[in-house]
Amino acid sequence: MSGLEHEHGSLTPPQPIQDVEGRPASVGRADSQYTADALGVPQAGLNPDPSLPSTPHESYATPGLGTSDNIPPFGTSSDAINANTSDAAAAAGVPATKETASAGSAEALAGTGTKGAGKALWYKRPIVWLAAFIALAIVVLVVVLPVWFVAVKPHRDHNTTSGTGKSGGPNPESPSGATSGGNGSTITADDGTSFTYINNFGGYWVYDAENPFNNSARPNSWTPPLSEPWNWSTDRIWGVNLGGLFELEPFISPELFQAHPNSVDEWTLDTDLRAGSNGSQNILAQMENYYNTFITEQDIAEIAGAGLNWVRLPIPFWAIDVWDNVGVDSNGTVVSEPFLARVSWSYILRVLGWARKYGLRVNLDLHTIPGSQNGYNHSGKLGIVNFLNGVMGVANAERALEYIRVIAEFISQPEYQPVVPLFSIVNEPLLATIGKDTLTTFYLRAHDMIRNITGIGEGHGPFIAIHDGFMGTAYWAGFLQGSDRIALDTHPYFAFDNQPNNQPVNVTVANGSSLYGGQWPLLACNSWGAEMNNSREQFGVTIAGEFSNAINDCGLWVRGVNSSADYVGNCDYWENWESWSDETKAGLKQFALASMDALGDWFFWTWKIGNSSTSNSPQAPLWSYKLGLNNGWMPLDPREASGACESLGYIPVAWNDSFASWATGGAGAGTIAPTSVSQYGVWPPATINNVPTESISYLPQYTSTATIVSLPPASTYTAATVSTGDGWYDAQDRASAPTPIAGCTYPDAWSAVGSPIATAGCGAVAYAKREVPEPVVTAPPARRGL
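Cut-offs applied
- Residues numbered from 1 in each chain as written.
- Predicted model: local features only at pLDDT ≥ 70, side-chain atom pairs only at ≥ 80, totals over all residues.
- Heavy atoms only, no water.
- UniProt positions renumbered as here; feature names shortened; annotations may be inferred.
- Helix = DSSP H or I, 4+ residues; strand = E, 2+ residues; numbered from the N terminus.
- Buried < 20%, exposed > 50% of the residue type's maximum accessible area, 1.4 Å probe, protein only.
- Areas by Shrake-Rupley, 256 points an atom, 1.4 Å probe, with all protein chains shown as cover.
- Core = buried A, V, L, I, M, F, W, Y, C linked by side-chain atoms within 4.5 Å.
- Contact = heavy atoms within 4.5 Å.
- pLDDT = per-residue confidence, 0-100.
- Pairing = 2+ DSSP bridges.
- Axes fitted to C-alpha atoms, helices over the stretch in contact; angles between N-to-C directions.
- Polar contact = N/O pair within 3.5 Å; in protein donor to acceptor, adjacent residues only side chain to side chain.
- Disulfide = S-S within 2.5 Å.
- Expected span 1.5 Å × (residues − 1).
- Arc of directions from axis to C-beta.
- Bend = angle between axes of the 7 residues up to and from the residue.
- Parallel < 35°, antiparallel > 145°, perpendicular 65-115°, else oblique.
- Nonpolar A, V, L, I, M, F, W, Y, C, P; charged D, E, K, R; others polar.
- Phe/Tyr/Trp six-rings, centres within 6.5 Å; stacked < 30°, edge-to-face > 60°.

The chain goes by glucan 1,3-beta-glucosidase in an unreviewed UniProt entry, where it is assigned to Postia placenta MAD-698-R-SB12. For the record of the chain, the UniProt heading Sequence similarities (unreviewed entry) holds the text "Belongs to the glycosyl hydrolase 5 (cellulase A) family."

The next thing to look at is the overall build of the chain. When helices and strands are tallied, the chain shows 19 helices and 18 strands. Residues counted as buried form 56% of the 786 residues belonging to the chain. Approximately 30,200 Å² of the chain is accessible, and the part contributed by carbon and sulfur atoms is 55%.

Moving on: the nonpolar core. L313, F387, I425, F442, W623 and Y625 are the most contacted members of the largest nonpolar core, which has 174 residues in total. Broken down by element, this core gets its largest block of residues, twelve residues, from helix α11 (residues 393–411). Filtering out sequence-adjacent residues up to four positions away, Y625 remains in contact with V240, L308, M596, W602, F604, T606, W607, M634 and P635. Counting 17 residues, the second largest nonpolar core, distinct from the first, contains I237, A465, I543 and W662.

Glancing now at the confidence of the model for the chain. Mean pLDDT over the chain works out to 81, with 74% of the residues at or above the 70 mark. For the stretch residues 138–175, pLDDT sits under 50, and the model shows 66 contacts to residues farther than four places along the chain or on other chains. Low confidence marks residues 765–773, where pLDDT is under 50. Its contacts with residues over four positions away, or in another chain, come to 29 contacts.

Here eight strands make up a closed barrel; going around it, the order is β7-β8-β9-β10-β11-β12-β13-β14 and the pairing parallel. Sheet twist, expressed as the mean angle between neighbouring strand axes with direction ignored, is 25°. Relative to strand β13 (residues 542–547), strand β12 (residues 486–490) runs parallel, the two being bridged by three bridges. Opposite D489, over in β13, you have I543 as the bridge partner. Contacting β10 (422–424), β11 (463–467) and β12, helix α13 (residues 436–454) runs over the sheet at an angle of about 165° to β11.

Checked against the element boundaries, H260 lands in the loop between α6 (254–258) and α7 (266–275). If near-sequence neighbours (up to four positions away) are discounted, H260 is found in contact with L269, D272, L273 and Q286.

Looking along the chain, the bond that leaves W605 and enters T606 is cis, with omega of 10°. Within the secondary structure, T606 is located in the loop between β14 (602–604) and α17 (625–631). Note the cis peptide between W683 and P684, where omega equals 0°. Tracing the sequence through the fold places P684 in the loop between β15 (682–683) and β16 (703–706). Phi is positive for N498, which is not a glycine, with a value near 60°.

Let us look at the environment of T193. With respect to the helices and strands, the residue T193 is situated in the loop between β4 (186–188) and β5 (194–196). We classify T193 as partly exposed; its relative accessible area is 43%. For T193, the residues in contact, after removing those within four places along its chain, are I187 and T188. There is a polar contact of 2.6 Å between the side chain of T193 and the side chain of D191.

Let us look at the state of the cysteines. Tallied over the entire structure, the rule returns three disulfides. Here C525 connects covalently by a disulfide to C645, the sulfurs 2.0 Å from one another. The chirality of the disulfide connecting C525 with C645 is left-handed, given an S-S dihedral of about -90°. Of this pair, C525 sits in helix α14 (residues 520–538) while C645 sits in helix α18 (residues 644–647), placing them 120 residues apart in sequence. Each member of the pair, C525 together with C645, is buried. Here C744 connects covalently by a disulfide to C762, the sulfurs 1.9 Å from one another. Linking C744 and C762, the disulfide has an S-S dihedral of approximately -120° and is accordingly described as left-handed. Here C762 lies in the loop between β17 (737–739) and β18 (770–771) and C744 lies in the loop between β17 and β18, a separation of 18 residues in the sequence. For the chain, numbering the cysteines in disulfides from first to last along the sequence yields the connectivity 1-4, 2-3, 5-6.

This brings us to helix α8 (residues 280–293). Counted at 1.5 Å a residue, the expected span for α8 with its 14 residues is 20 Å, and the 20 Å between its end C-alpha atoms agrees. Within α8, the full set of buried residues consists of N282, I283, M287, Y290 and Y291. The buried residues of α8 occupy an angular sector of 150° when the element is viewed end-on, so they sit on one face. On its buried face, α8 is in contact with α6, α7 and α10 (344–357).

With that settled, the discussion passes to α14. Taking 1.5 Å per residue, 19 residues should reach 27 Å; α14 reaches 27 Å between its end C-alpha atoms and fits that length. A bend of about 30° at W528 is the largest found in α14. Looking at α14, one finds that the buried residues are W520, P521, A524, C525, W528, G529, M532, N533, S535 and R536. On its buried face, α14 sits against β12, β13, α16 (582–599) and α18. Where α14 ends, the next residue or the one after it, G540, has phi of about 140°, a positive value.

Right, let's talk about the packing of α8 against α10 for a bit. Two quantities define a packed helix pair, namely the angle between the helix axes and the distance between the axes. Where α8 meets α10, the axes come as close as 11 Å, and the angle between the chain directions of the two elements is 5°. When the interaxial angle is binned, α8 and α10 end up roughly parallel. Every residue of α10 that contacts α8 at E288, Y291 and N292 is listed here: S344, Y347 and R350. Tallied by class, the residues present in the contact of α8 with α10 amount to two nonpolar, two polar and two charged.

Considering all chains together, one arrives at 51 aromatic pairs under this definition. Ring centres of F442 and W683 lie 6.2 Å apart, and the angle between their planes is 55°; on these two criteria the pair is classed as tilted. With F442 in helix α13 and W683 in strand β15, this pair connects stretches of sequence that are 241 residues apart. Among the residues examined, F442 registers a relative accessible area of 0% and is labelled buried. You can call W683 buried: its relative accessible area is 1%.

Okay, here's the thing in structure tokens:
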């Protein structure tokens, strides 16, 4: 629980909030209440449309957002978004419309009333003209100038200098005018289908074919639009993962795996797809169909409409490239990675475009690593860890660094910085296998490489998120102090704690309240609330990149294909959500609210669980935000979570609502303590687990002589009249990419732990202690080297 409920709005007395059943619910702690403006609740006498409810569930911050005509100017700041020029004119004592100006009687307009007989016509009197001139001046001063200086000029200047906007024309950001809309507007998708945008929280979308990098959209009234910076101390991350979209998992997309029963991960699925008729054409057709249908634009619109403001987008390294020779197996057969290379990238760009359109920020998560960073099926291949572990541990890490480099170059471009402020560089590395010192050396290597691309300080590239390796946040307290914008990512789950977890959720909580949830809501508060706030104090920015409603590990293939659950009991009930009682749904919802409140900054895993082919329904429903949203066990408004823990008797651990300056890119950023640099700043790492000390210097490595594989911009921006980027932010970064050393024979990079180590050639010659140059302080964001 962050202890922060900052909103973008004026300060007004707190207003009551109700949950979806109409019961009163706390909207904030005593020291941090929501305001009426922040909640989007119209104040008395200011409701422009009485047909719109005024409760937070149906709230809105900008009057009349149901049509594009009433959308504020693109780029209008959150402080100016409710500016009303008619009210300003009325306050100045001048007519706001021609109708009010001519509201007098015909006699008055003609000057023929009884009292006017024998006098000059009123409009010929000098005093009238003087008064008119004064009134006109008041209009200019009170109405025109504030609108210009508050709403138009700052954003025209900002967008013109950033390289993502245009000057001139009726709209300072788009001469032809962008299309936009709020609640009730109609969206026409790329395939010609249409849907209605439902957003009761003041959010609005913006699309401009000529400027596809228009950052004026916002998902709701309490989240700054993409054109404004994110404040890591005061703005809260309420997000959802798009899990299983580009890195396939059996429990998320069961139909694909059920159609290929020998498949347990994407490696075996892709192998099976390639073995079918037409081989490569078969895998291409099936995967593109999946990318096109599993998550659509309407899903992204619904995420914004659910009161969320971020998405975490897991992507695989094969969106960049794959290798057709990653060594030889024990039979001497060359091993080729079966993944579909580079095809998903255009679809990833499409999701980024949709996120921009609806004002959602993106945490781009590199979810798979060559050789596997954890041995789980979602790392690409189920099996063993070959990243920073075993004979090919260093070689796989070098390859991973190259993919991190390519992604960092792309998202640091000014066209993408606003929409991707966070880059998670390695998902869930298994620290127990890798070791903290070894992983820290990799993290520092990646940090320095990225900051040499972006430069140092706020506004220079994304935050870098590192995962806690399943060791908990306290394990990383004091990590690399003086580094530049590193966030700690943790994934708290009760489902995988190897406990029976059969305590009921359809009973009231222990403190005797009428709330359902049993032990689970308070357990979430006690387990995670203090941990998160302590980490904010002792580490810096801390987020929960994943959590779910799963109080147990029931659900089709949640543990993996043909793996049984640890849950003690019958999992059938938890797999068939249609049979859940109202009490079960109420308990799960209370657990979700408590989890959200305890975590503060979070991403639910995941937005959608696909149907099972046997039931034509999701069979892991505890993991689907969308399903819970539509069926009553997820909150319709995430603000309901505020104060959930305290309502259960939990006493929060305070956080002072601020980070050390260096932690968010301010003073001192990029000046890592010399002791940390001396210990972790030399590459390759001094030790690699499962490699004898005397063999470390002979570990296989790659040579940096290959052509860089960079990421292209979207091919769909044919109408764009602004720069679309070239995929490479730092023109001075021209080091070649890693590739196998000619003449060397490598063991299978995905199964090399325990393989023999050559004592000459591929390791001994290439293995040198290479220092990383210090990151440099650069000018404000702009494409460097051009």
